[in-house]
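Each chain is listed here by its residues.
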Amino acid sequence: MERLGTGIGWRPEIADAVEGMPGIDWVEAVAENVCPGHLPESLRRLRERGVTVVPHGVSLGLGGAERPDAGRLTALAERAEALGSPLVTEHIAFVRAGGPLTASPRLEAGHLLPVPRTRDALDVLCENIRIAQDALPVPLAVENIAALIAWPGEEMTEGQFLYDLADRTGVRLLIDVANLHTNHVNRGEDPALALAELPLEAIAYVHVAGGFERDGVWHDSHAHPVPRPVLDILTDLSSKVSPPGVLLERDENFPEPGELERELGAIREAVEKGGGTAAGGAWRPAVTEGPSGVPTEPARERLALAQTALLSALVAGTPGPEGFDRVRLGVQARALAGKRADVVAKVAPELPVILGAGYRPAFLAYAQGRPMADGYRRDALEFAEHLMLGGGSGDAGVRRELREWWLERSGPVPRSRPGARLTRATRRVLLRR
C-alpha cells in the first residue's frame, strides 16, 4: 500500500490555510463536491506540488440492499482519474431505502446509517463492493462509520464483520478511530477488541476527528477538537501496525490555521508514541465468491425490508421496528433532521438569509413526516413551496422573496449565479428590515 503520510480533509472554507500548512503530505476531498471538469484552483495547485488528493465518497450506499448505481460509480471513477488519485474511499453504510425491492417509495437518509452485522448484510455488501471494484480505475477502501443506534440480533462484532469483508473481497479498509470511540460510548463496543480482530495489514489509512458528548450520547460532529480518547485509540492502532496514512477531518466550526496545525501535531505524536510496528507481512485475502455460491437476491429482499422499516421510522415518523432502542431512534431522527437542515442551508444559502432566525425551526417542522426523496436541491425547492403555500410563514414579504427565489431555482438551469442570488436576497432582506 502506498505511504500517504499525514493529511487533512480539504474543504473550500480552509483551502488557503491547507495550502500554507507545513508537513501536509496529502489531502482528502469529498467526491460529490468536486466537479472533474472544473477542479478548484486550490486542488490544482496542491496536485502540481505533488500533494496526493484522494476522493472520499459519501452517497454510494454500498451497504444498501440495492446494487450500486452505475451513474454514481462512473462519477466516482471520473473524480479519481481527474485527481490522479491512487485510490478512492467510501463508507460501509446505507443512505437510502425503499424502491422496487420493497414496492414502496424511495427514502433518502441524507446521512450515513449503520449496516446490521449479519450474514445477509455481509453477503450483500460483499457483492456490492465487488461491483464497485470492477467499475473503479483504482483500488477501493471502505470506512467503518459512527453509529447512534444498534441493530438487534447482530451476529458479529465490528472487527469480525470487517475482517470477513476484507477477506472475501480484498477491499482495503479506512479505519476511523473517532468512529471506534463513538461506538464505544454509544454502543458499548470495545475499541481495543475491534483493533485486535481487524486485518491490520488491509488498512489503507486512518481518519481522526472530534465530536462531543451530550446526555450520554457521543456525536461525531467533525466540528470539535480531537479528544484524548480518540488519540489513545490511534496510539493503540499504531502500536500494532504503521498506518500508511493518517488524516484529520474537520467539516464545520473551523478554527484558526494554527489550531489545526496543533491538532495535526498531536496526531503525529500519537502515532509516534505507538511505535508503528510492522504487522506480519502482506495482506492476502481469500477473495471468495460468498458462502456456497448462494445467490444474494433473498438476502437483498430481507435486508431491504429491514432497512426500509428503520429509515421510515427515522425520517417519516412511522413506528420504530421491534428491538430498537426507542430513545436512541429519537436521537438519530433528530440528528438526521438537523443534518438535513444544515446541508439545505449550504445548497441554498439564500433561504437562511430570507427566513433569518426562523429558518431552522421552520425547516425542522417541515421535515417531520416529509422525508427527502430526491436530493438536497429538490428538498430546498419543496421546502420553499411548502412555506409559500402557507406552511409556516405568515409574512407576505417573506413569501414574496421565497417566490422570487423559487422561480430562479426551479428551472433546469438557474437564471443567475449563486453569489448574485445571495447578494440580492441579503440586500432585499436588509432593506425590508
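The structure contained in this document is the topic of the report that follows. (Residues numbered from 1 in each chain as written. Predicted model: local features only at pLDDT ≥ 70, side-chain atom pairs only at ≥ 80, totals over all residues. Heavy atoms only, no water.)

1. Quick notes on the pairing of strand β4 (residues 88-91)
Here is step 1 of the chain: Residues of β4 alternate between two faces, with V88 and E90 on one and T89 and H91 on the opposite face, all of them buried.
Here is step 2 of the chain: Bridging between β4 and strand β7 (residues 140-143) involves four bridges; their strand directions are parallel. Pairing of H91 across the sheet is with E143, part of β7. (Buried < 20%, exposed > 50% of the residue type's maximum accessible area, 1.4 Å probe, protein only. Helix = DSSP H or I, 4+ residues; strand = E, 2+ residues; numbered from the N terminus. Pairing = 2+ DSSP bridges.)

2. Let's talk about helix α14 (residues 375-388)
Here is step 1 of the chain: For α14, with 14 residues, the first-to-last C-alpha span of 20 Å sits near the 20 Å given by 1.5 Å per residue.
Here is step 2 of the chain: Residues Y376, D379, A380, L381, F383, A384, H386 and L387 constitute the buried set of α14.
Here is step 3 of the chain: Turning to α14, the residues buried within the fold contact β6 (104-113), α11 (326-347), α12 (350-355), α13 (359-367) and α15 (396-409).
Here is step 4 of the chain: G390 occupies a position one or two residues after α14 and carries a positive phi of about 95 degrees. (Expected span 1.5 Å × (residues − 1). Contact = heavy atoms within 4.5 Å.)

3. Observations concerning the packing of aromatic side chains
Here is step 1 of the chain: The tally for this structure, following the rule as stated, stands at seven aromatic pairs.
Here is step 2 of the chain: Each ring, one from W151 and one from F324, has its centre 5.2 Å from the other, and the planes form 65 degrees; the classification is edge-to-face. Residue W151 is located in the loop between β7 and α5 (158-169), and its partner F324 is located in the loop between α10 (297-315) and α11; the two are separated by 173 residues in the primary sequence. Here W151 and F324 have matching classes, each one buried.
Here is step 3 of the chain: With a centroid separation of 5.0 Å and an interplanar angle of 70 degrees, the aromatic rings of F363 and F383 are classed as edge-to-face. Of this pair, F363 sits in helix α13 while F383 sits in helix α14, and the two are 20 residues apart along the sequence. (Phe/Tyr/Trp six-rings, centres within 6.5 Å; stacked < 30°, edge-to-face > 60°.)

4. Focus on the pairing of strand β8 (residues 172-176)
Here is step 1 of the chain: Taking burial as the measure, the five residues of β8 include four buried ones, the bulk of the element.
Here is step 2 of the chain: Examined bridge by bridge, β7 and β8 share three bridges and lie parallel to one another. Residue A141 lies in a different strand from β8, and its bridge partner there is R172.
Here is step 3 of the chain: For β8 and strand β9 (residues 203-208), the ladder comprises four bridges, and the chain directions are parallel. Within β9, the residue paired with L174 across the bridge is Y205.

5. Here we look at the nonpolar core
Here is step 1 of the chain: Counting residues in each nonpolar core, the largest one holds 75 residues, and the members touching the most others are I8, V27, L43, L140, V142, L165 and V208.
Here is step 2 of the chain: Per-element accounting of this core gives the leading share, seven residues, to helix α4 (residues 119-135).
Here is step 3 of the chain: Not counting chain neighbours up to four residues away, the residues in contact with V27 comprise I8, W10, V18, L43, L46, V51, T52, V53, V54 and L247. (Core = buried A, V, L, I, M, F, W, Y, C linked by side-chain atoms within 4.5 Å.)

6. Quick notes on unusual backbone geometry
Here is step 1 of the chain: Unlike most non-glycine residues, A103 shows phi in positive territory, near 50 degrees.
Here is step 2 of the chain: Within the secondary structure, A103 is located in the loop between β5 (94-99) and β6.
Here is step 3 of the chain: The phi dihedral of N253 falls on the positive side, at around 50 degrees, and the residue is not glycine.
Here is step 4 of the chain: If you trace the backbone, N253 turns up in the loop between β12 (245-248) and α9 (257-274).

7. What to know about the packing of α10 against α11
Pairs of packed helices are described in terms of their axes, by the angle between the two and the distance that separates them.
Here is step 1 of the chain: Where α10 meets α11, the axes come as close as 8 Å, and the angle between the chain directions of the two elements is 70 degrees. The angle between the axes of α10 and α11 places the two elements in the roughly perpendicular class. Relative to α11, the crossing made by α10 is right-handed. Of the residues in α11, those touching α10 at L310, L314 and V315 are L329, Q332, A333 and L336.
Here is step 2 of the chain: Of the residues that constitute the contact of α10 with α11, the class distribution is six nonpolar, one polar and no charged. (Axes fitted to C-alpha atoms, helices over the stretch in contact; angles between N-to-C directions. Parallel < 35°, antiparallel > 145°, perpendicular 65-115°, else oblique. Left-handed = near helix turned anticlockwise from the far one by under 90°. Nonpolar A, V, L, I, M, F, W, Y, C, P; charged D, E, K, R; others polar.)

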